[in-house]
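# Topology and contacts: notes
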Amino acid sequence: MQKTAQTWFTGGPSSDLDRSSSSLLADWNAYAASKADDAESSGLGFDLEAAVRNANDKVSGTFNVVSKGVMDLPGNFNSATGNVPSAKSLMYFGLLLAAGVFFIFIAFTIFLPVMVLSPQKFAICFTIGCAFIIGSFFALKGPKNQLSHMLSKERLPFTLGFISSMAGTIYVSMVLHSYILSVLFSVIQVLALSYYAISYFPGGSAGMKFLSSTLTSSAIARKQKFCFYGFKLARRLEKLVRRIFQKRHGNPKMQRVVENLIKELNTESLLRSGKKRDEKMEKIESDLVKVRGLIRDAIVNNTNSTLFVEDEDYVPKGKIYRNPYVFQRSYLLMESTFKIFVYEEGEPPLFHYGPCKDIYSTEGIFLNMIESNTRFRTRDPDQAHLYFLPFSVVMILEHLFDPIKRDKAVLERVVSDYVRIVSAKYPYWNRSLGADHFMLSCHDWGPRATWYVHQLYLTSIRALCNANTSEFFNPRKDVSFPEINFRTGNITEGLILGHPSMKRMNLAFFAGRRHGRIRPVLFEHWKDKDEDIRVYEKLPENLSYEEVMKNSKYCLCPSGFEVASPRIVEAIYAECVPVLISQDYILPFSDVLDWTKFSIQVSVSELPNLKMILMGINEEKYRRIHESVKQVKRHFVVNDPPKRYDLFHMLIHSLWLRRLNVRIYG
């Protein structure tokens, strides 16, 4: 939507800043125009309806041929039902068959529609279903008889093909984690299951030979025509799919939502044209124009270190910042200018309240602190730059979510109703189409909660712990903030002073459960493999987690089920250099902080060489990184009441930057 805030802290020409103040509506209109141009130039001029009709006719014809072939197949029904199994065998057969059908049903109804985004889920669920179905026949016929039947000369090709496709699907999905191969093997397994199932029809392989010969002769007869039109259609579809992938990460549902939102924005633009501007909104935007100008001056003069403002609390200097002078200028302007209005609608515990202990601590801490804050919170909504929607995803799920029914619609009902209430009562949501509103959540389902209100999802600011770009986290407008696990609710918990760098005896340390896609790889290579890299799935009782951490030079921080990990902040608290092992994760406060100066980033593919990478860092470089960790610690500490430049203020500053990235016309 706008130029990312990070560029403000890496320098750049002032003209870029001028351009960043364009209208939200204008940007969406420009996007709509470019999309229309793309559609006109794409050459997708074929009649889709006619193509589908033609395809249906061909499929119907094919099934007529198949039906005739099946009716003509030889077979003896009496011989097939001669051996009646026991009641116990039938019971196990029914249970296993039902389980298999259930998993295949889940695979096709839930995971097939999102296969483009996550093929591994479909592949694994479908494979489990197939395994249960095979197991049901072992229960029905007995292991020995079924195995002999599957390995008979007539059935051996079908058995090998089907079992190989299952094994291949599991391997590429869970070991290689290959997106393309998961899709390919899923298709192969579906075909293999169909081929294997049809082979059980009376006549078995004879029927398959008949079907194969029929399809082969039909394919040869239509080869030239099919190749010509198939190639032409494939090229057109390839262009279309590539364009969708580039624009919205390959999600057709997302594409439709974006198109509908563009229509809404265009309609709103037409409705507002010629009307009197909102003077209060214009006053707010006029003040922000001045602020952007002052930040632009700081960028131009960023090499002049004498321009730092002396501050008795703290002056942000050092290499941990992308541009410390610009950061200080922006921070001081935030303190003197920025105002947030908190909607008062809603009652605790779903609103205005959140958890202050366990892994979702930061969600509750911010909710509680912004409610009582006097510097940034304003009671006059006309003076506000941002508007906060104070619902807690954690508390909604804790009080309304049924773990048995698992009805996620409770999020939709609460969030949608709340936005509907405030947008009907106040003019501010409709005035900006949600662009100057924000929500905050540290729950894994935080992003999901915003999807039910598409403007909240696509135009509002979302402050999320789960800052995962593969799940449509947008760093241009969304805010990443750290996940902290205060196990007892004590905000001083974990603030341990580590040993000096020269007295840390362990090279690297990690202790945590095996979940997600990254941690199993870490355990495979380093659990109980090396004395220098201490990796535990469960920490021995004679060891203290905090003690081992503060005695380690590097603390490994692999992602689990979600990209964020509380171990990053735990490592910083212990003054242990964090080793970040994640994918698609936008690190907290990365607009301002240069994470390369106080952390080590290792990709999943580099895990086998982890020790070599860490040992390759000489002592002088390690001491510099260690000192940077000690310096950056103040930005991740939680204070009550908040202190300048601490975690609360860094989060407020990230919201401030996103607001500066948007200009709203009244």
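Residues numbered from 1 in each chain as written. Predicted model: local features only at pLDDT ≥ 70, side-chain atom pairs only at ≥ 80, totals over all residues. Heavy atoms only, no water.

If you tally the helices and strands in the protein chain, you get 26 helices and ten strands. Counting every atom, the protein chain has about 33300 Å² of accessible surface; 58% of that belongs to carbon and sulfur. (Helix = DSSP H or I, 4+ residues; strand = E, 2+ residues; numbered from the N terminus. Areas by Shrake-Rupley, 256 points an atom, 1.4 Å probe, with all protein chains shown as cover.)

What follows concerns the UniProt feature "transmembrane region" (unreviewed entry) in the protein chain. Per the UniProt record, "transmembrane region" (unreviewed entry) is annotated on residues 90-115, 121-140 and 179-198. Each end of residues 121-140 is marked by a C-alpha atom, and these two atoms are 29 Å apart; helix forms 100% of the span and strand 0%. (UniProt positions renumbered as here; feature names shortened; annotations may be inferred.)

The next point concerns the packing of helix 14 (residues 324-337) against helix 26 (residues 647-660). Contact geometry for helix 14 and helix 26: axes closest at 10 Å, N-to-C directions at 90 degrees. With respect to each other, helix 14 and helix 26 are oriented roughly perpendicular. In this structure, helix 14 contributes Phe 327, Ser 330, Tyr 331, Leu 333, Met 334 and Thr 337 to the contact, and helix 26 contributes His 649, Met 650, Ile 652, His 653, Trp 656 and Leu 657. Of the residues contributing to the contact of helix 14 with helix 26, the split by class is eight nonpolar, four polar and no charged. (Axes fitted to C-alpha atoms, helices over the stretch in contact; angles between N-to-C directions. Parallel < 35°, antiparallel > 145°, perpendicular 65-115°, else oblique. Contact = heavy atoms within 4.5 Å. Nonpolar A, V, L, I, M, F, W, Y, C, P; charged D, E, K, R; others polar.)

Tallying each qualifying case throughout the model produces two disulfides. The disulfide partner of Cys 555 is Cys 576, and the S-S distance across this bridge is 2.2 Å. Because the torsion about its S-S bond is 115 degrees, the bridge between Cys 555 and Cys 576 counts as right-handed. Residue Cys 555 is found in strand 8 (residues 552-558), and its partner Cys 576 is found in the loop between helix 23 (567-573) and strand 9 (577-581); the two are separated by 21 residues along the sequence. This pair shows no difference in class: Cys 555 is buried, exactly as Cys 576 is. Numbered in order of appearance, the disulfide-bonded cysteines of the protein chain are paired 1-2, 3-4. The closest cysteine sulfur to the non-disulfide-bonded Cys 125 is located on Cys 130, 10.0 Å from its own sulfur. (Disulfide = S-S within 2.5 Å. Buried < 20%, exposed > 50% of the residue type's maximum accessible area, 1.4 Å probe, protein only.)

Consecutive side chains of a regular strand alternate in pointing toward one face of the sheet and then the other. Alternating residues of strand 4 (residues 461-464) divide into Ile 461 and Ala 463 and Arg 462 and Leu 464, and every residue in both groups is buried. Bridge analysis of strand 4 against strand 5 (residues 479-480) gives two bridges, and the strand direction is parallel. Paired with Ala 463 across the strands is Val 479, a residue of strand 5. (Pairing = 2+ DSSP bridges.)

Another point: the nonpolar core. General note: in soluble globular proteins, nonpolar side chains tend to be found buried as a group. Judged by nonpolar contacts, the single largest core of 137 residues is most densely connected at Phe 366, Tyr 554, Leu 593 and Ile 652. Take this core: its biggest share by element is nine residues, from helix 26. In this structure, Phe 366 is in contact with Phe 388, Phe 438, Leu 440, Phe 648, Leu 651, Ile 652 and Leu 655, ignoring residues within four places of it in sequence. Ranked by size, the runner-up nonpolar core spans 13 residues in total, among them Ala 107, Cys 125, Cys 130 and Met 166. (Core = buried A, V, L, I, M, F, W, Y, C linked by side-chain atoms within 4.5 Å.)

Turning to the pattern of salt bridges, a few remarks are in order. Inspection of every chain in the model, using the stated rule, returns 25 salt bridges. Notably, a salt bridge pairs Glu 285 with Arg 659, separated by 2.7 Å at the nearest N-O pair. Linking Glu 285 in helix 13 (residues 279-300) with Arg 659 in helix 26, this pair joins segments that are 374 residues apart in sequence. Glu 345 is the partner of Lys 425 in a salt bridge, and the nearest nitrogen-oxygen pair spans 2.7 Å. Taken as a pair, Lys 425 in helix 17 (residues 409-425) and Glu 345 in the loop between strand 1 (340-342) and helix 15 (361-372) lie far apart in primary sequence, 80 residues in all. For Glu 345, a relative accessible area of 13% corresponds to the buried category. Each of Asp 311, Asp 313, Glu 335 and Arg 644 takes part in a single network of salt bridges with overlapping partners. (Salt bridge = Lys/Arg side-chain N within 4 Å of Asp/Glu carboxyl O.)

Summed over all chains, the structure comprises 29 aromatic pairs. An angle of 85 degrees between the planes, with centres 5.5 Å apart, marks the rings of Phe 341 and Tyr 343 as edge-to-face. Like Tyr 343, Phe 341 is buried. Consider the rings of Phe 366 and Phe 438, whose centres lie 6.3 Å apart with planes at 70 degrees: the pair is edge-to-face. Of this pair, Phe 366 sits in helix 15 while Phe 438 sits in strand 3 (residues 437-441), placing them 72 residues apart in sequence. With respect to class, Phe 366 is no different from Phe 438; both count as buried. Here Arg 462 stacks its cationic end above the ring of Tyr 457, 4.6 Å away from the centre of that ring. The ring of Tyr 622 carries the charged tip of Lys 553 above its face, separated from the ring centre by 4.6 Å. (Phe/Tyr/Trp six-rings, centres within 6.5 Å; stacked < 30°, edge-to-face > 60°. Lys NZ or Arg CZ within 6 Å of the ring centre and 35° of its normal.)

Our focus in this paragraph is a nonpolar patch on the surface. There is a patch of nonpolar side chains on the surface, built from Leu 147, Leu 151, Leu 156 and Leu 160 and spanning about 340 Å² of accessible area. You can see Leu 160 is positioned in helix 8 (residues 156-175). (Patch = residues over 30% accessible without salt bridge, like charges linked within 9 Å, V, L, I, M, F, W, Y side chains within 5 Å.)

Another aspect to go through is helix 8. Think of an α-helix as 3.6 residues a turn; residues three or four steps apart then line up on the same face. Helix length check: helix 8, at 20 residues, gives a terminal C-alpha distance of 27 Å against a target of 28 Å (1.5 Å per residue), a fit within 8%. All of the buried residues along helix 8 are Phe 158, Thr 159, Phe 162, Ser 165, Met 166, Gly 168, Thr 169, Val 172 and Ser 173. (Expected span 1.5 Å × (residues − 1).)

Let us look at the side chain of Ser 416. For Ser 416, the location among the structural elements is in helix 17. The class for Ser 416 is buried, based on a relative accessible area of 12%. A polar contact is formed between the side chain of Ser 416 and the backbone oxygen of Glu 412, at a distance of 2.8 Å. Beyond its immediate stretch of four places on either side in the chain, Ser 416 contacts Leu 411, Tyr 452 and Val 453. (Polar contact = N/O pair within 3.5 Å; in protein donor to acceptor, adjacent residues only side chain to side chain.)

Taken in spatial order, the five strands line up as 1-2-3-4-5 in an open sheet, and their pairing is parallel. Among the strands making up the open sheet, the edge pair consists of strand 1 and strand 5. Judged from the three bridges that link them, strand 1 and strand 2 (residues 386-388) form a sheet pairing that is parallel. Within strand 2, the position partnered with Ile 340 by the bridge is Leu 386. On the sheet, helix 15 packs against strand 1, strand 2 and strand 3 and is oriented at approximately 135 degrees with respect to strand 3.

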